[in-house]
Amino acid sequence: GLPALDAWFESVSGVTTTGLSMVPDPQNRSDALLFARAWMQWFGGLGMVVLSLALAAGRPADMRRLGDAGSDEENLDESVRLHARRVLAVYAGITVLGLALVWAAGVPLFEAWIHTLAAVSTGGFSGFTDSLAGLDRWGQMALGAVACAGALPLVLFHRTYSRGLSQLWIDPELRALGAALLLVTLLLWWLGRLTPADALAQAVFAQTTTGYSTLDLAGLDPAAKLVLILSMVTGGGVGSTAGGMKLLRVLVMIRIIQLAILRVQIPRHGVLQPELGGRALEPAQIEHALLLLLLYPLVILVAWLPFLVLGYPPLDALFEICSAVGTVGLSVGITGPDLEDGLKLLLSLDMLLGRVEILALLVLLYPGTWYKRT
């Protein structure tokens, strides 16, 4: 029963695991629609994790990190199949365990099912009109735990299973996710004057790009909105279902800045090799990370201008755009059936760009890549 453009927007938001919605009253909609939205997010999250290995083709370091795959091109097909099997097993396992956890937390079975599908894919479609505000803390905490699992590199769980718990302590993205959650929680508590429980919940659902909310975000202090914007844009781990620029690329940028400072202090003939998590960073990997870190703010800036021209509040418009590009789904009330058609299409494009990490879609649209070079 949705208008055609709203149905398109809802589908894009589902498959890209964003969670921005054109359904203002999901509690009054059929179970079939609510399940279809959650299912789109679940298979969208799985598909993007598997696609991530294909997007990394030609960058051996990224391929090894995503799936412990060999860098030899002739083994790529087998590596992709192996990676897909591992990811499917982990993804299904997290989904089943997550459903059991959320159901045990007191959420009714159907609601537990659709919200778990959306949480493990870090999607954020909710069957409740007020997102998770009506759930008790146990239900919110259970879904937060599922969202955190989905925001970590899924192959990390397979690595931990096969090599032991030590893999958790040495993974840089796990440590970065923990540090980011702590920092965002403290900032929301201090600057946004939220209760510790609400600050933690919103930190989890923003940083993991899940997009559930436990309170009305439109009434937040501007400083709290800015904290959430930075959290949404940063996102989760590479090879996870989370969106955003990814923590690994932020860590690469920080490492490059550290090296630039250290090179001033060492002798001219000294050599510093960039490393992260005990692995050397290859030039192509650094270049790709810095390119995406440049493209993300550029896309956000271009998308922001039409909202400003049409008179939307600057900070709220920026919040909505970062939510779309980061495939998060948090909203301060701009996204809805009354939004202008052109802006609905613009946000749809932002969601697609953010989900395939911008460069892949640009390559697809560039005519020079439509034929094979000899």
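Residues numbered from 1 in each chain as written. Predicted model: local features only at pLDDT ≥ 70, side-chain atom pairs only at ≥ 80, totals over all residues. Heavy atoms only, no water.

### Let's talk about the overall build of the chain
Within the chain, the secondary structure is distributed over 16 helices and two strands. Projected onto the principal axes, the alpha-carbon positions of the chain cover approximately 65 × 50 × 50 Å. Once local pairs closer than 6 in sequence are excluded, the contacts in the chain between residues at least 24 apart make up 69%. Of the accessible surface of the chain, which amounts to about 17100 Å², a share of 68% is contributed by carbon and sulfur atoms. Side chains of the chain give 24 positive and 29 negative charges; the mean places of these two sets differ by 10 Å. (Helix = DSSP H or I, 4+ residues; strand = E, 2+ residues; numbered from the N terminus. Contact = heavy atoms within 4.5 Å. Areas by Shrake-Rupley, 256 points an atom, 1.4 Å probe, with all protein chains shown as cover. Lys, Arg positive; Asp, Glu negative; His and termini not counted. Charge placed at Lys NZ, Arg CZ, Asp CG, Glu CD.)

### Overview of the nonpolar core
Soluble globular proteins: nonpolar side chains tend toward being buried together. Counting residues in each nonpolar core, the largest one holds 48 residues, and the members touching the most others are L188, M232, F307 and F319. Counting only elements with at least two residues in this core, the list comes to α1 (4-15), α9 (172-191), α10 (196-207), α11 (222-234), α13 (283-309), α14 (314-325) and α15 (341-355). In contact with F307, other than residues within four places in its own chain, are Y312, A317, I321, I334, L339, L343, L346 and L347. Of all hydrophobic cores here, the second largest spans 46 residues; its members include L99, A118, V204 and L247. (Core = buried A, V, L, I, M, F, W, Y, C linked by side-chain atoms within 4.5 Å. Buried < 20%, exposed > 50% of the residue type's maximum accessible area, 1.4 Å probe, protein only.)

### Points about the packing of aromatic side chains
Enumeration over the complete set of coordinates arrives at six aromatic pairs. Residues F35 and W39 carry aromatic rings whose centres are separated by 6.2 Å and whose planes lie at 15° to one another, so their mutual orientation is stacked. Note that F35 and W39 are positioned in helix α2 (residues 31-55) at a spacing of four residues, about one turn of the helix. When its relative accessible area of 30% is taken as the criterion, F35 is described as partly exposed. A residue is classified by how much of its surface remains accessible, and W39, at 37% relative accessible area, is partly exposed. Members of the aromatic cluster, connected to one another through ring pairs, are F35, W39, W42, F43 and Y91. Sitting above the plane of the F125 ring, R37 keeps its charged end 4.3 Å from the centroid. (Phe/Tyr/Trp six-rings, centres within 6.5 Å; stacked < 30°, edge-to-face > 60°. Lys NZ or Arg CZ within 6 Å of the ring centre and 35° of its normal.)

### Examining unusual backbone geometry
Phi is positive for R193, which is not a glycine, with a value near 55°. Tracing the backbone shows R193 in the loop between α9 and α10. Located in the positive-phi region is T327, a residue other than glycine, with phi close to 50°. In this fold, T327 is placed in the loop between α14 and α15.

### Let's talk about the side chain of D350
Along the chain, the position of D350 falls in helix α15. Among buried Asp, Glu, Lys and Arg side chains, D350 stands out as unpaired, with R355 the closest opposite charge at 14 Å. Excluding its chain neighbours within four sequence positions, the residues that come into contact with D350 are V299, A303, I321, A324 and V325. (Salt bridge = Lys/Arg side-chain N within 4 Å of Asp/Glu carboxyl O.)

### Overview of the confidence of the model for the chain
Put simply, the chain has an average pLDDT of 88, and 91% of its residues get 70 or more. Ignoring residues within four places in sequence, the model shows residues 67-74, a span with pLDDT below 50, making 15 contacts including any to other chains. (pLDDT = per-residue confidence, 0-100.)

### Digging into the environment of L251
For L251, the position within the fold is in helix α12 (residues 247-263). Those residues in contact with L251 that lie beyond four places of it in its chain are P172, E173, A176 and L276.

### Topic: the packing of helix α5 (residues 109-120) against helix α6 (residues 137-150)
In the contact formed by α5 and α6, the axes pass within 7 Å of each other and the chain directions differ by 35°. Residues H115, T116, A119 and V120 of α5 pack against L143, V146, A147 and G150 of α6. Tallied by class, the residues present in the contact of α5 with α6 amount to five nonpolar, three polar and no charged. (Axes fitted to C-alpha atoms, helices over the stretch in contact; angles between N-to-C directions. Nonpolar A, V, L, I, M, F, W, Y, C, P; charged D, E, K, R; others polar.)

### Some remarks on the pattern of salt bridges
Evaluation of the coordinates by the stated rule reveals eight salt bridges. Here R193 makes a salt bridge to D221, at a shortest N to O gap of 4.0 Å. Of this pair, R193 sits in the loop between α9 and α10 while D221 sits in the loop between α10 and α11, and the two are 28 residues apart along the sequence. D316 is paired through a salt bridge with K225; the nearest N and O atoms lie 2.7 Å apart. Of the two residues, D316 is situated in helix α14 and K225 in helix α11; the sequence distance between them amounts to 91 residues. The exposure classification of D316 matches that of K225, with both residues buried. Salt bridges sharing partners connect three or more residues here, namely K246, R249 and E357.

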